[in-house]
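Spelled out from the first residue to the last, the chains are:
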Amino acid sequence: MNADLDGPQTLLSETGARILFVDDEPGVFHGMQRALRPYRTEFVLRSAQSVPHALAAMRQWHPTAVVSDVAMPEKSGLDLLRITSADETLSRIPVIMLTGSAESDLKRKALDSGAVDLLEKPIRAEDLVARLRSAVRLRRYDDHIRTENTRLEEQVRLRTRALESSHAEMILRLAIAGEFRDRETAGHVCRVAHATAAIAEQLGVNQSTLHQLMQAAALHDIGKIGIPDSILLKPGPLEPHERTVMEGHCRIGWEVLRLDVGTGASPFVNTILSPPPKAGPTTPANDVMSMAADIALHHHERWDGTGYPTGARQSDIPIEARIVAVADVFEALCHARPYKPAFTVDRAVATIEEGAGTHFDPTVVAAFLRAVPAVLQVFRRFADAAPSAPTTHKPARPAADHTPTAA
Ligand SMILES: [Fe+2]
Ligand SMILES: [Fe+2]
């Protein structure tokens, strides 16, 4: 085997538990070999004559258990225990200490330092075998628990991932379903969601929140599902009372999304969960939905307080909604609609810049200006397919929107 190991390296069996003896006197190991000869199918023996050699053997040979003398020149058996207990991998190997019968203080120190057992010299073969079997059982049980834990962790990771992906997919499908009633394309949802994330990234938002924000932003106009066709699909400008109805999409979206599924606030949701939640707040609040509800309600507010539906201003408008407001308007400006041509990128950027401090949060506009290259990349990635023949389920139609620039 390897040159770092001392002693004759006799293998009594290739299939038994691996036992490493650490003792500076080779005679002790030879005595052990003789004593354990009848158990050669059960234990494979090796020796190391110093702590450094023992550590090398533990790393390379991976013994099932170690039997170490306490008193050795230079580094002692206690040093070996100290080093192994501080090492995540080596600490899993149980160490039995060999002590002289008079060394009672040393025995206590050895147990305190992490030894699993003590053997007094001289050692009787029966005692040694009993202690070795106990240490091997301990190690195998520990290995089993670790393997089980790893398997369960992986299972939880995969299930969590599946749950997250099905959750994200449901959100996107809901958003696309909303867009189907509107003049816009599913590409609008993706572009606004990713543009929102690109701007938020410039504001220092962390990766996990960016993903939540993207999902929430995709639902900004979901309230349009509650707007009557006669208004939503009307060609030409809206009458004032029709505009009021159209502006109601913000509150409708909020009503749809504010249902607090995560906290079990909805009795209906509890009835369709399997297994049903226990009483009390056992599940965390649904952060994406509460963010989406805020965005749906406030994405048409303006920084100066002249927006709708609440007229909130400045920092009273949730930051997520202030970001979506910029992304939504910029997306609308950059894309042709049946009722308007697309702006050039320069003109669209200038329009957003001009709105800083009145329509938009100046800090968000500054982040947007830094994010423009990333936003344009998103627009290219989610570009609409070339227009095809009109279909019956998504009629092309000119219509007045609730704002001239954003959906
Ligand atoms: Fe909207
Ligand atoms: Fe929109």
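Structure first, text after, so check above.
This write-up is about the structure you can find in this document. Here the residue index of a chain counts from 1 through its sequence in written order. Chains carry letters from A onward and ligands carry numbers from 1 onward, assigned in written order. Where local features are concerned, this predicted model is filtered to residues with pLDDT of at least 70; where side-chain atom pairs are given and counted, the filter is 80 or more; whole-chain, interface and lining totals use all residues. Only hydrogens and water are set aside; all other atoms, that is, all heavy atoms of the structure, feed into the side-chain values.

## Observations regarding the packing of aromatic side chains
Pairing of aromatic side chains here covers Phe, Tyr and the six-membered ring of Trp, requires ring centres within 6.5 Å, and sorts the geometry by plane angle: under 30 degrees stacked, over 60 edge-to-face, intermediate tilted. The tally for this structure, following the rule as stated, stands at three aromatic pairs. Ring centres of Phe-21 and Phe-29 lie 6.0 Å apart, and the angle between their planes is 50°; this geometry places the pair in the tilted category. Each member of the pair, Phe-21 as well as Phe-29, is classed as buried. A ring pair is formed by Phe-330 and Phe-368, whose centres lie 4.8 Å apart and whose planes are at 70°; its orientation type is edge-to-face. Placement of Phe-330 in helix α13 (residues 319–334) and of Phe-368 in helix α15 (residues 362–381) is noted, with a sequence separation of 38 residues between them. With respect to class, Phe-330 is no different from Phe-368; both count as buried. One aromatic cluster in this structure is built from Phe-330, Phe-368 and Phe-379. Think of it as a cone above the ring: NZ of Lys or CZ of Arg counts as a charge over the ring if it is within 6 Å of the ring centre and within 35 degrees of the ring normal. The ring of Phe-343 carries Arg-347 above its face, with NZ or CZ at 3.7 Å from the centroid. Per-residue accessibility, obtained with a 1.4 Å probe over protein chains only, is compared with the maximum for each type, and a residue is labelled buried under 20%, exposed over 50%, and partly exposed between these values. Helix and strand assignments come from DSSP, with helices taken as H or I runs of at least 4 residues and strands as E runs of at least 2, each series counted from the N terminus.

## Here's the deal with helix α3 (residues 77–85)
Of the positions making up α3, those classed as buried are Gly-77, Leu-78, Leu-80, Leu-81 and Thr-84. Down the axis of α3, the sector holding all buried residues measures 155°, keeping them to one side. For α3, the N-terminal cap is Ser-76; the gap from its side-chain oxygen to the backbone nitrogen of Leu-78 is 3.2 Å. This arc corresponds to the set of directions leading from the helix axis out to the C-beta atoms. Any N or O atom pair separated by 3.5 Å or less is treated as a polar contact, with the protein-specific requirement of one donor-capable and one acceptor-capable atom, and with residues adjacent in sequence counted only for side-chain atom pairs.

## With respect to helix α5 (residues 125–180)
For a helix, the expected span equals 1.5 Å multiplied by the residue count minus one. The terminal C-alpha atoms of α5 lie 82 Å apart, and with 56 residues this matches the ideal 82 Å at 1.5 Å per residue to within 8%. Among the residues making up α5, those that are buried are Leu-128, Val-129, Leu-132, Ala-135, Val-136, Arg-139, Ile-171, Ala-175, Gly-178 and Glu-179.

## Concerning the pattern of salt bridges
Basic side-chain nitrogens of Lys or Arg form a salt bridge, by our definition, when they fall within 4 Å of a carboxyl oxygen of Asp or Glu. According to the stated counting rule, one finds 20 salt bridges in the structure shown. In this structure, Asp-143 and Arg-92 form a salt bridge, with 2.7 Å as the shortest nitrogen-oxygen distance. Here Arg-92 lies in the loop between α3 and β4 (95–99) and Asp-143 lies in helix α5, a separation of 51 residues in the sequence. A single salt-bridge network, built from bridges that share partners, covers Arg-92, Arg-139, Asp-142, Asp-143 and Arg-146.

## Details of the packing of helix α2 (residues 51–61) against α3
Where α2 contacts α3, the two axes come as close as 10 Å, and the packing angle between them is 35°. Where α2 crosses over α3, the handedness of that crossing is right-handed. Of the residues in α3, those in contact with Val-51, Ala-54, Leu-55 and Met-58 of α2 are Leu-80, Ile-83 and Thr-84. Classification convention: Asp, Glu, Lys, Arg as charged; Ala, Val, Leu, Ile, Met, Phe, Trp, Tyr, Cys, Pro as nonpolar; all other residues, Gly among them, as polar. Here the residues of the contact of α2 with α3 are counted per class, giving six nonpolar, one polar and no charged. Only the contacting stretch of a helix is used when fitting its axis, a line to C-alpha atoms as for every element, and angles between N-to-C directions run 0 to 180 degrees. For a crossing to be left-handed, the near helix must be turned anticlockwise from the far one by less than a right angle; the clockwise case is right-handed. We call two residues contacting when some pair of their heavy atoms lies within 4.5 Å.

## A few points about the coordination of the iron ion (ligand 2)
The donor set comprises N, O and S atoms within 2.8 Å of the metal, extended to 3.2 Å for Na, K and Ca; water molecules are omitted, so apparent gaps in a site may simply reflect that omission. Bound to the iron ion (ligand 2) are the protein donor atoms His-188 (NE2), His-220 (NE2), Asp-221 (OD) and Asp-328 (OD), situated 2.2 to 2.5 Å from the metal. Every angle between 85 and 135 degrees makes a four-donor site tetrahedral, while opposite donors more than 155 degrees apart, with all other angles between 65 and 115, make a four-donor site square planar and a six-donor site octahedral; other sites are irregular. Bound by four donor atoms, the iron ion (ligand 2) shows angles of 86 to 145° at the metal and therefore irregular coordination geometry. Here the iron ion (ligand 2) and the iron ion (ligand 1) are spaced 4.9 Å apart, with Asp-221 acting as a shared donor. Within this pair, whereas His-188 is found in helix α6 (residues 186–202), its partner Asp-221 is found in the loop between α7 (207–218) and α8 (229–232), the two being separated by 33 residues in sequence. Judged on exposure class, the residue His-188 and its partner Asp-221 are both buried.

## Comments concerning the side chain of His-335
Tracing the chain through its elements places His-335 in the loop between α13 and α14 (345–354). Of the residues examined, His-335 reaches a relative accessible area of 14% and is grouped as buried. Within the structure, His-335 has its side chain in polar contact with the side chain of Arg-191 (distance 3.3 Å). When sequence neighbours within four positions are dropped, the list of residues in contact with His-335 reads Arg-191, Lys-340, Ala-342 and Phe-379.

## Considerations on the pairing of strand β3 (residues 65–69)
Where burial is concerned, most of β3 is hidden: five out of the five residues are buried. Burial along β3 is two-sided: the residues Ala-65, Val-67 and Asp-69 and Val-66 and Ser-68 are all buried. As judged from the four bridges shared by strand β1 (residues 17–22) and β3, these two strands associate in the parallel manner. Paired with Val-22 across the bridge in β3 is Ser-68. Any two strands between which DSSP finds at least two bridges are classified as paired. With four bridges joining them, β3 and β4 adopt parallel strand pairing. Bridge pairing in β4 links Val-66 to Val-95. Look down the strands so they point away from you; if the path from the first strand over the helix to the second goes clockwise, the crossover is right-handed. Taken together, β3, α3 and β4 constitute a β-α-β crossover, and its handedness is right-handed.

## Looking at the sheet that holds strand β5 (residues 117–120)
One open sheet accounts for five strands, arranged β2-β1-β3-β4-β5; its pairing is parallel. For this open sheet the edge positions go to β2 (43–48) and β5, each flanked by a neighbour on one side alone. On average, adjacent strands in this sheet sit at an angle of 25° to one another, irrespective of strand direction. Sheet analysis places β4 next to β5, joined by four bridges and oriented parallel. Paired with Thr-99 across the two strands is Glu-120, which belongs to β5. Along the sheet, helix α1 (residues 26–36) contacts β1, β2 and β4; its crossing angle with β2, the most-contacted strand, is approximately 175°. With respect to the sheet, α2 is in contact with β1, β2 and β3, its orientation differing from that of β1 by roughly 170°.

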